[in-house]
Structure formats: structure tokens, C-alpha cells
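Here's the letter readout for the chains.
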Protein chains: 2
Amino acid sequence: MPRRAAPEPKPPEPSTKEQLLTAAEELFCKVGYEGVSAGDVARLAGVRKSLVFYYFGNMAGLFEAVLERYYAAHTQALTGVLSADDDVRTRMHGLVDAYLDFMASHARYASLVQAQLANPNLHPMVEKNFGLLYHLVEGALLEVAPRTGRAASRQLFVTVSGAVINWCTYAPLLSRLMGDDLLTGPLLEERRAHIHWLVGLVLDALEREEETAAKARPGAKLNAKPGAKLNAKPNAKPPAKPRQRAAARR
Amino acid sequence: MPRRAAPEPKPPEPSTKEQLLTAAEELFCKVGYEGVSAGDVARLAGVRKSLVFYYFGNMAGLFEAVLERYYAAHTQALTGVLSADDDVRTRMHGLVDAYLDFMASHARYASLVQAQLANPNLHPMVEKNFGLLYHLVEGALLEVAPRTGRAASRQLFVTVSGAVINWCTYAPLLSRLMGDDLLTGPLLEERRAHIHWLVGLVLDALEREEETAAKARPGAKLNAKPGAKLNAKPNAKPPAKPRQRAAARR
DNA sequence: GAACAACTTGACCGATCGGTTCATTTATTC
DNA sequence: GAATAAATGAACCGATCGGTCAAGTTGTTC
């Protein structure tokens, strides 16, 4: 049986380690960290249980390796959009597209991560990556949203990220209620349109509130962030640019 | 040691069964269904492990009993608001208040339920209760929202329910990032105001779309739901009535 | 082909798991 | 206070858990 492919460049067969990672990924996503045994993982990978400990030391090491693999893809999927120098509106719509595409294609992870986020003593790697995402997005939102109040940037973060991730975590259940798959085809596109619509409504309202606040304030007051302007038309469709990746998928 | 209070009306001390239920509730919420052993539950309740099986048969029975207890409170918390004959706007704002109050005070459950919802082979009791909530809320939303499209009632359901529940499931992590508790005090009230604001934005937009659609359609077209009107002023603050419970808390 | 490292196997360990069994205690009823 | 049923404690079971270990196989390098 072929089971090795260390430095040979020709046959890129998955190594035993990768097979274990893939099997662990599937099981962790299906039943959570607890509830998965080393024997389960090894059986699904078609190897012996002891190899789990040979490659990863213990179950926690295996879990970390799976998380590491996931967050590498996760970070790579979002960094481009978040670091672009477009205006906030474009960046937000781009983030929605990138985040939704990534979560829809890694839907099983969504449940795993959300279960971890709810865990009171969660893994430091999860906390680190979530905090990174939080500060990036909330920081971008601060350009157009106040720090506190009903439209606070932290509130928008939870709402928008939840709008993306909950669609994916509820997918197995909702697909049964709606009679079609939520993560591909028209229902995913409907979700995409919904979140873009919602983000547009919110940004429009923020722009209106900023305008009335500017009208009420005579001179140059020092409280609000200066020059924070949305440079796209109110509730216009998201610019065509970030849609290209979305159109490629599906 | 006092450990029984079957038909005696005088001392309402918690029975052993109730002590086990409470202990199980706490542990299930903390580490999920998997990851909790019968010995753990019994130890926390201060009784022997065999009593778990004496009262509940097996671990699955214990889990069902905990879920049953939870969904009874959950249903009772929402039925009043959902069955009221107020207009849709009032019902939606009332639902937000009731749901947010319930989830904030049962925050540990939020994680448990969300982890269950993400489970591909979830418990029938969870599916039943979620489906019930879905059909109730989505049905109410159908009075003002279309069945499909970017503003579909099903889309609004996921967005709004996620806006409530994610605040509670992310609470342990976000509280660390924000430096204050998310589930009590000003941050909870900020969340409440945010969701009400968001719901107002959405209902206003739906009203506007309905108006322009009615203008574009000359006679009495047969496609849309007739007489579906929001009978409150656009983006007015939610009526004072449903706030009383919210004001009573904290 | 000897030496070596990387990889793999299968047997094994103590601990804990869900669950059972049974004797004992407790409260209730007559 | 005897009888009875509910409630409880303690020991126990087979299975499985995470993890270890020594021996074996395989490919690489001289």
C-alpha cells in the first residue's frame, strides 16, 4: 500500500499525517472536540491509533493542528479584503462576500468554532484569532459608527458576523425546514443579497445620523471623528469588484 | 440529612431529582453533552452516581429532562408575545425584548442549544422546538416581508434570532475583549437598543418597498399579500408596553 | 549490505466510562 | 411495630478511553 510521499515531487498523495488531520477535522466538526476519540480518528484515516500520538503527541495537539490548518485558511481568506484601501462601504461588502464564501465552503468548521466560542474556557488559539478578526472589523467600522450606543461598532460586529456564521451553523437544520440546501445555489445567493441589503440599510442610516449630527453642530466640534464619510451613494448596490469572487463560486 | 420532599407541602427543599437536574444543567451548558459523565453530575449534586440512572434511566434521559425543563421556560417566555394581537411591528419588538431577556438570563443554555443546532444529527426535541419557533416568527414576518428574495422572511428570521442569541453565546469571550459583562447592565441595554434599531430599519425599508411596489402596480394585483400594513410610524421607538418587562429586569 | 532514521504496528496499561445489582436505609401505611 | 414501597449507597461489570512501549518495517545514505 502506498502510504508515504515525503520528498518525492511526483505523486502528491496525502501523507499519513494529513490523512489523520483530515479525518480529525471531519470528526471534530461533526461531534465536537469532546466525543471524538483517538481510535475514531485513526479508524477513519485507516491507520492505527498509536499514530495519532506519534504525530501529534496527544489529543489536544491534534486539535490544535486542526485549528491551525483552519485559521491559516481563514486568515488568508479575509486579509486581502480587510487590508484593501477602498472606502468603508466597499470593504464591508467585500468582507461579507469573503466571509460568507469561506464559511459556506467550510460550514462544518462554523459549528466547531461557534461551539468553541461559547466555551467559557476556550482555546487560546481561538481567542487569539477571534480577537484579531474583532479588532480588524470593529476598527474599520469605527470610521462610520460610534464607539457606543445603539449603532456602536461593537454591536454591528456581532450582528454582521452573526448574520454570516449563523446561516452556516443553522444550515443542517434549516435545510430540512426549507427543503433546499442553504450552503449552495439560490439560497446561499439569497443570503448574500440579504446581508448586503442589511449592511446597506445600516450604512445608510449611519450616514443620515452623521448628517443630522453635523447639521446640529455649528462649528467644528471635537467629539466626532472628522472626515469620516461614506463615499458611495446611499444603498447603492455593492460595487461590482468584490462580486467577482462570489460569481466565480457557486 | 434532608433529602426528600415528595408530597409534604411544608418544606420546599429541592428534591434529589431536582438537584441532579440542576447539576446536569450546569455541566451540560459548560462542556456540552459529550464531556459530561454521570459521575460528574452526581458529584456536583452531592449524591451517588447510581441515582442518575435510578431517576433518568440513562444519560440520554437526563439530557432530555434538562432540555424539557429548558424548553418549558423558553416557550412560556415567548408565547405571550407571539400570540398577542398587536400589529407586526409591536410583536417583533416585543419578541426581541422577550427573547433577549430570556437568553441573557439563561445564557449558558444559549451555547448548549446553539451547539445542538449545529449538530447534524440533533435531538428531536431541539428540532421540534426550533421548528416551532421558526414557523411562529417566520409566519408573523410574512405579513410584512416577501417569502423569497433579499428581504425574505426566512432571511429576517435568521438575522434577528442570530442577533439575539449570538450576543449571549459570544458573551464569555466578548466580555473579556470589552472589559465589561455583556449580559447585564449597560452593555445588555445597548444590545437591546441596537436590535430594536435594526428591526426598525428593516421594517421601515420593507414599508418603503411595499409602497413603491403598490405605486408601480395600477389596479389590485393578486400577487402580494393584501392589507398587509405596518400600522406604526416609520422607525418610531418601540411602543412602551413591551418595555415594562425589560425595565423590570436590572 | 550495514547503519540509520522515519514510520508503523499491535499489545498493553491504568483510569474512567455508562450502566447494573443488591443490600440497606428511610418514610408511609396499616 | 410490622409491612411495604421509595430512595439511597456501595460495590461491581465489561467496554472504552487516552496514552505508552517495544518490536518491527520501510526507505535513505554510506
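A few points on the structure. A quick note: this is a predicted structure, and the numbers were derived from the prediction, not measured.

Focus: the relation of the copies chain A and chain B
- It takes a turn of 180° to lay chain A on chain B, together with a shift of 0.0 Å along the axis; the resulting RMSD is 0.1 Å. Those values place the two copies in the arrangement expected of a two-fold rotation axis.
- In this assembly the copies share their binding face: 100% of the residues contributing to the interface of chain A also contribute to that of chain B.

As for the pattern of salt bridges
- Going through the model one piece at a time under the given rule, you end up with 26 salt bridges over all chains.
- Between R176 of chain B and E127 of chain A there is a salt bridge, and its shortest N-O distance comes to 2.9 Å. Placement of the pair is R176 of chain B in helix α9 (residues 171–178) and E127 of chain A in helix α7 (residues 124–141), with the two residues belonging to separate chains.
- Residue class for E127 of chain A comes out partly exposed when judged on its relative accessible area of 25%.
- Several salt bridges share partner residues, and in doing so they unite D97, D101, E189 and R192 of chain A into one network.

Description of the interface of chain A and chain B
- Each side of the interface is counted separately: chain A has 50 residues, and chain B has 50 residues.
- Roughly 4900 Å² is buried in total at the junction of chain A and chain B, and carbon and sulfur atoms are behind 65% of that figure.
- Along the contact surface separating chain A from chain B lie four salt bridges.
- Where chain A touches chain B, the interface holds 19 residue pairs in polar contact (both at pLDDT 80 or more).
- Those elements that provide at least two residues to the side of chain A that touches chain B are α1 (16–31), α6 (107–118), α7, α8 (153–169), α9 (171–178) and α10 (185–216) of chain A.
- Considering only residue class, the side of chain A that touches chain B consists of 26 nonpolar, 15 polar and nine charged.

Scoring rules and cut-offs
- Residues numbered from 1 in each chain as written.
- Chains lettered and ligands numbered in written order.
- Predicted model: local features only at pLDDT ≥ 70, side-chain atom pairs only at ≥ 80, totals over all residues.
- Heavy atoms only, no water.
- Least-squares fit on C-alpha atoms with pLDDT ≥ 70 in both.
- Contact = heavy atoms within 4.5 Å.
- Salt bridge = Lys/Arg side-chain N within 4 Å of Asp/Glu carboxyl O.
- Helix = DSSP H or I, 4+ residues; strand = E, 2+ residues; numbered from the N terminus.
- Buried < 20%, exposed > 50% of the residue type's maximum accessible area, 1.4 Å probe, protein only.
- Buried area = accessible area lost by both parts, 1.4 Å probe.
- Polar contact = N/O pair within 3.5 Å; in protein donor to acceptor, adjacent residues only side chain to side chain.
- Nonpolar A, V, L, I, M, F, W, Y, C, P; charged D, E, K, R; others polar.

Worth remembering: the numbers are spatial, not functional.
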